[in-house]
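Structural overview for review
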Amino acid sequence: MAGLELLSDQGFRIDGRRSHELRKIQCRLGVFKQADGSAYIEQGNTKVLAAVYGPHEVKGSRAKMLQDKVLVNCQYSMATFSTGERKRRPRGDRKSTEMTMHLKQTFDAAIITNLYPRSQIDIYVEVLQSDGGNYCASVNAATLALIDAGIPLKDYVCACSAGFVNDTPIVDISYLEESGGGPELIVTILPKSEQIVFLEQNSRLHEDNLSKVLDVASKGCKDIYAILDRAVRDHVSKVSNVANTTE
Amino acid sequence: MADVNYSEAEKTFILHGIQDKFPCREDGRGCEDYRHMEIETGVVSNTSGSARLRLANTDILVGVKAELGVPSPEKPDSGCIEFFVDCSANATPEFEGRGGEELATEISTVLSRCYDNSGCLDLKSLCIIPKQQCWILYIDVLLLECGGNLFDAASIGVKAALYNTRIPNVTVNQEDDEMEIELSDDPYDVNRLDISSSPCIVTLSKIGHYHVVDASQKEEACCLARLMMGVTAKGTISALKKEGWGSLNPESIFDMMETGKKIGQVLNTSLLNVLEEEEKSGNKRKTVGFLK
Amino acid sequence: MATVDIRFVGARGKKDNIETVEEIQNLVTPGDIITTDTGFMRGHGTFMENEKLHASVAGVVERVNKLICVKPLKTRYNGEIGDVVIGRIIEVCQRRWKVETHSKLNSVLMLSSVNLPGGELRRRSEEDEKLMRHYLKEGDLISAEVQNIMGDGCLSLHTRSLKYGKLGQGTLLSISPSLIKRRKTHFHNLPCGASIILGNNGYVWISPNVNEETDNTGGYEQNLEPVPNDVRIVVARLRNSILALADHHMIIYDTSIMYAYEASLLFTVKDMLKPEVTSEIIDLIQQRMELEGT
């Protein structure tokens, strides 16, 4: 990346954004008919599909069944053509397993689990194109898919990443900015209550700067929440309008 | 391919429908009709070529990546193609983890067998320096939703993705005994592949005494045996595979082959027409992907 | 003649409703506060936190006297006593069958809740247990009524009436349960020559006409004779009509199905698989509904 400045003197990043601007987000609910809920999200060049099945009877080993709450089962998988360099295996490697576990923890906190004892909810995420912020896009897509499936949630779950370059926190970092070697902070919050569900930070960041970067990331999450909420409202209105005319 | 058991009565209903003088399948199609298909190329940007196919409920995404590599010692002057199929858990919870591996290997073996023919794809054009460097095409098929007839859909997706593939032009500079390869950076200085003789798989399912094309999931559960054939636009068969636990009469096989050839030709020509039409609309069209 | 209908996405002349989507009233999304008034009872789709009532799903708020609930667009079937459901047997257990009804948990059909062949009324013996598989085995479809809901949400079904029981020849469709309107009767014999059962759980069963007196035997005698071609075409047309209605999120009940069937007579059954044809049919239905004021 020689010669590529992550943040120019005028305050522009490589893709022309300013430090506080998110990438363009486009999303759609109800992509597949067979899944109970599905959603597709595009954050810049990162494209993620999520599908939710459930709640349904626990498949596989009955031992995993929880008597008082629902079992949340996740899988994070990347298409082999999603990255610049072709990936040999879509899932099963350490990174995917780690992401799977993080997703499970996140949604265990957000879904109202005691409503479905002895059932199972499956959340499957497939990354079609990866350009940084995979985990964040996955969380956002999974939230939309859960809402599409009608599964009760305490609140939306929004995730955003942030970095720190030239003493400026930058929000929603792309793949080039990630590989630039600077610190990366991923935060997942429940926007209404502003509670942090998941927090991860890579590389080195001085603790004085931590609160600045955290603030920027949280603000990014709230902006994403506004966009997702708008998309959900539009979708519900559009579908209900058709249904209402036939009532 | 959900393992739903269907009742005897349902299967009988489908069976009788096909044996009728005027065959009427569950959704009103005849024995040789395909369901509605929609295709779009160029959906994934960091690939050399991609395509998305929707055949009723079946949803397939194909990505082609071209990488430089060493040719195989048996064929030093041609490039290689490698197929990889991934059954995403999005399609059904049974594909979670390694659940879909069996199906995936089946599909990729059939695809490689179809393309194993030198007449299908001109692999010699992929060679850069004989014995040293060639292009290797990695064709990755991602199964997003299963609605029956996966093999046909996968092959149509692959053909469309190959049509959409753009391989950068390579100049070989020879200095003394060293050969240097230079990849062109110009996005318009590319080579395309000639897919006019690439095959499409046509699956014929034998239900009762007759055979149908493009079986839905229910029909697949009723069929005793299937014949998969790779058919090119000219009607030549590049591969043949019989699957299923039932047995087939040699006459039935010949009948099915004739039908398959006829249908394969129609399929190939329609596909090529659509791909050319899509390309002609050029920059005016916006990539829709999954957004609509 | 083989027909291959393939087209590229850009050719889709769909008038992508550019009409600005007017937001419907009482729309809430997860986390929204519905009310701070503590006098209300909370129903489905809501939860209480810090003395405030929040919504947990995205949908429309419904208020019946003091009960507030949020009805989501799509959800798994939530059973209610007295509902008619269609299910598929997935397991034969001791003294019961496990039935899959597209709900949160698999439903249960007890041996004591089915009619014995011949309509006898007696206690079920061990012999009956051994003959369970002769009556219903894995993969069979049944129509039943919800008798009871257990503590964890599992439904207990019964087929104690002659109109319920094992289903014979026909086609099963799976659509979202929220599209099925709750009516007095869910068994309809349509004038076009087929009969349908609209299960509250989203499963719709279309079959050739059922003759009331002779065929209502509770499913013990199955008619496996070939169905005549014209009836078959009617069944296929109904299937495509119902799928068209479901795709466009229209509520499904006998009147809307008949409108769809009549509107579709303009096209061949095969053509109904194309999206532009279904859009046209839906337009015709909506016009007719406005005219007739249903």
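A quick note: this is a predicted structure, and the numbers were derived from the prediction, not measured. (Residues numbered from 1 in each chain as written. Chains lettered and ligands numbered in written order. Predicted model: local features only at pLDDT ≥ 70, side-chain atom pairs only at ≥ 80, totals over all residues. Heavy atoms only, no water.)

1. Some thoughts on the overall build of chain B
- Along chain B, the regular secondary structure elements total 5 helices and 14 strands.
- The globule rule puts the C-alpha radius of gyration for 292 residues at 19 Å, and the 20 Å found for chain B is close to it.
- Dimensions of chain B along its principal axes, counting C-alpha atoms only, are 75 × 45 × 40 Å.
- Looking at chain B residue by residue over its 292 residues, the buried ones come to 59%.
- In chain B, of all internal contacts separated by at least 6 residues, the share reaching a separation of at least 24 is 71%.
- In the form shown here, chain B has an accessible surface area of approximately 12,200 Å², with 48% of it arising from carbon and sulfur atoms.
- On chain B, the mean spot of the 29 positive side-chain charges and the mean spot of the 47 negative ones are 6 Å from each other. (Helix = DSSP H or I, 4+ residues; strand = E, 2+ residues; numbered from the N terminus. Rg over C-alpha atoms; globule rule 2.2 N^0.38 Å. Buried < 20%, exposed > 50% of the residue type's maximum accessible area, 1.4 Å probe, protein only. Contact = heavy atoms within 4.5 Å. Areas by Shrake-Rupley, 256 points an atom, 1.4 Å probe, with all protein chains shown as cover. Lys, Arg positive; Asp, Glu negative; His and termini not counted. Charge placed at Lys NZ, Arg CZ, Asp CG, Glu CD.)

2. Examining the pattern of salt bridges
- With the rule as written, the count across this model stands at 44 salt bridges over all chains.
- The shortest N-O distance in the salt bridge between Lys166(C) and Asp140(C) comes to 3.8 Å. Remark: Asp140(C) occurs in the loop between helix 2 (132-135) and strand 12 (141-149) and Lys166(C) occurs in strand 14 (residues 165-166); sequence separation between them is 26 residues.
- The shortest N-O distance in the salt bridge between Glu262(C) and Arg288(C) comes to 2.7 Å. In this pair, Glu262(C) is assigned in helix 5 (residues 254-264) and Arg288(C) in helix 6 (residues 275-292), connecting sequence segments 26 residues apart.
- Look at Glu262(C) and you get partly exposed, because its relative accessible area is 34%.
- Judged by its relative accessible area of 27%, Arg288(C) is partly exposed.
- Each member of the salt-bridge network shares a partner with another, and the members are Arg13(A), Asp15(A), Arg17(A), Arg23(A), Asp131(A), Asp172(A) and Glu177(A). (Salt bridge = Lys/Arg side-chain N within 4 Å of Asp/Glu carboxyl O.)

3. Quick word on the state of the cysteines
- Applying the stated criterion across every chain, the model contains 0 disulfides over all chains.
- As a non-bridged cysteine, Cys136(A) has Cys160(A) as the owner of its nearest cysteine sulfur, 6.0 Å distant.
- By relative accessible area, which is 3% here, Cys136(A) ends up buried.
- Cys146(B) takes part in no disulfide bond, and the closest cysteine sulfur, belonging to Cys87(B), lies 6.4 Å away. (Disulfide = S-S within 2.5 Å.)

4. Here's the deal with the interface of chain B and chain C
- Between chain B and chain C, the contact holds 43 residues from the first and 41 residues from the second.
- Among the residues chain B hides against chain C, the three largest losses belong to Phe13(B), Asp27(B) and His36(B). Together they make up 18% of the total.
- The interface formed by chain B and chain C includes 2 salt bridges.
- Applying the counting criterion to the chain B and chain C interface returns 10 residue pairs in polar contact (both at pLDDT 80 or more).
- Note that strand 1 (residues 37-41) of chain B and strand 1 (residues 6-8) of chain C share 3 bridges and pair parallel. (Buried area = accessible area lost by both parts, 1.4 Å probe. Polar contact = N/O pair within 3.5 Å; in protein donor to acceptor, adjacent residues only side chain to side chain. Pairing = 2+ DSSP bridges.)

5. Points about the UniProt feature "domain: Exoribonuclease phosphorolytic" (unreviewed entry) in chain B
- Feature annotation in UniProt assigns "domain: Exoribonuclease phosphorolytic" (unreviewed entry) to the following positions: residues 34-168 and 199-262 of chain B.
- Secondary structure within residues 199-262 of chain B divides into 30% helix and 41% strand; the distance between the first and last C-alpha atoms comes to 13 Å. (UniProt positions renumbered as here; feature names shortened; annotations may be inferred.)

6. Focus: the sheet that holds strand 5 (residues 119-129) of chain A
All names here are of chain A.
- Judged by pairing direction, the sheet is mixed, and its 5 strands sit side by side in the order 1-2-3-5-4 without closing on themselves. A strand with exactly one partner marks an edge of an open sheet, and here the two such strands are strand 1 (25-29) and strand 4 (71-78). With direction set aside, neighbouring strand axes in the sheet form an average angle of 15°.
- Inspection of the sheet shows strand 4 paired to strand 5 by 8 bridges, in the parallel sense. Pairing of Tyr76 across the sheet is with Val125, part of strand 5.
- Against the sheet, helix 1 (residues 94-110) contacts strand 4 and strand 5, and its axis sits at roughly 145° relative to strand 4.
- The sheet contacts of helix 2 (residues 134-148) involve strand 1, strand 2 (37-43), strand 3 (46-57), strand 4 and strand 5, and relative to strand 2 the element is tilted by about 145°. (Axes fitted to C-alpha atoms, helices over the stretch in contact; angles between N-to-C directions.)

7. Section: the nonpolar core
- Counting residues in each nonpolar core, the largest one holds 71 residues, and the members touching the most others are Met37(B), Leu111(B), Leu137(B), Ile156(B), Val158(B) and Leu162(B).
- Ranked by residue count, the leading element in this core is helix 3 (residues 150-164) of chain B, at 10 residues.
- Not counting residues within four places of it along the chain, the set of residues in contact with Leu162(B) comprises Val64(B), Tyr115(B), Leu121(B), Leu137(B), Ile139(B), Leu193(B) and Ile195(B).
- Ranked by size, the runner-up nonpolar core spans 64 residues in total, among them Leu103(A), Ile147(A), Ala162(A) and Ile24(C). (Core = buried A, V, L, I, M, F, W, Y, C linked by side-chain atoms within 4.5 Å.)

8. Focus: the pairing of strand 7 (residues 59-64) of chain C
Residues and elements named next belong to chain C.
- One ladder, built from 2 bridges, connects strand 2 (residues 27-28) with strand 7; its direction is antiparallel. Note that in strand 7 the partner of Val28 across the bridge is Gly59.
- Relative to strand 8 (residues 67-72), strand 7 runs antiparallel, the two being bridged by 6 bridges. Residue pairing in the sheet places Val61 in a bridge with Val70 of strand 8.
- In this structure, the hairpin formed by strand 7 and strand 8 is closed by a connection of 2 residues, where Asn65 is found at a positive phi of approximately 50°.

9. A look at helix 6 of chain C
Residue and element names in this part refer to chain C.
- Between its terminal C-alpha atoms helix 6 stretches 26 Å, which fits the 26 Å expected from 18 residues at 1.5 Å a residue.
- By the burial criterion, the buried members of helix 6 are Val277, Thr278, Ile281, Ile282, Ile285 and Met289. Angular distribution of buried residues about the axis of helix 6 spans 135°; they occupy a single face of the element. Exposed residues lying more than 90 degrees from the buried face of helix 6 are Glu290 and Leu291.
- Elements that come into contact with the buried residues of helix 6 comprise helix 4 (229-247) and helix 5.
- After helix 6 finishes, the residue Gly293 shows a positive phi value of roughly 65°. (Expected span 1.5 Å × (residues − 1). Arc of directions from axis to C-beta.)

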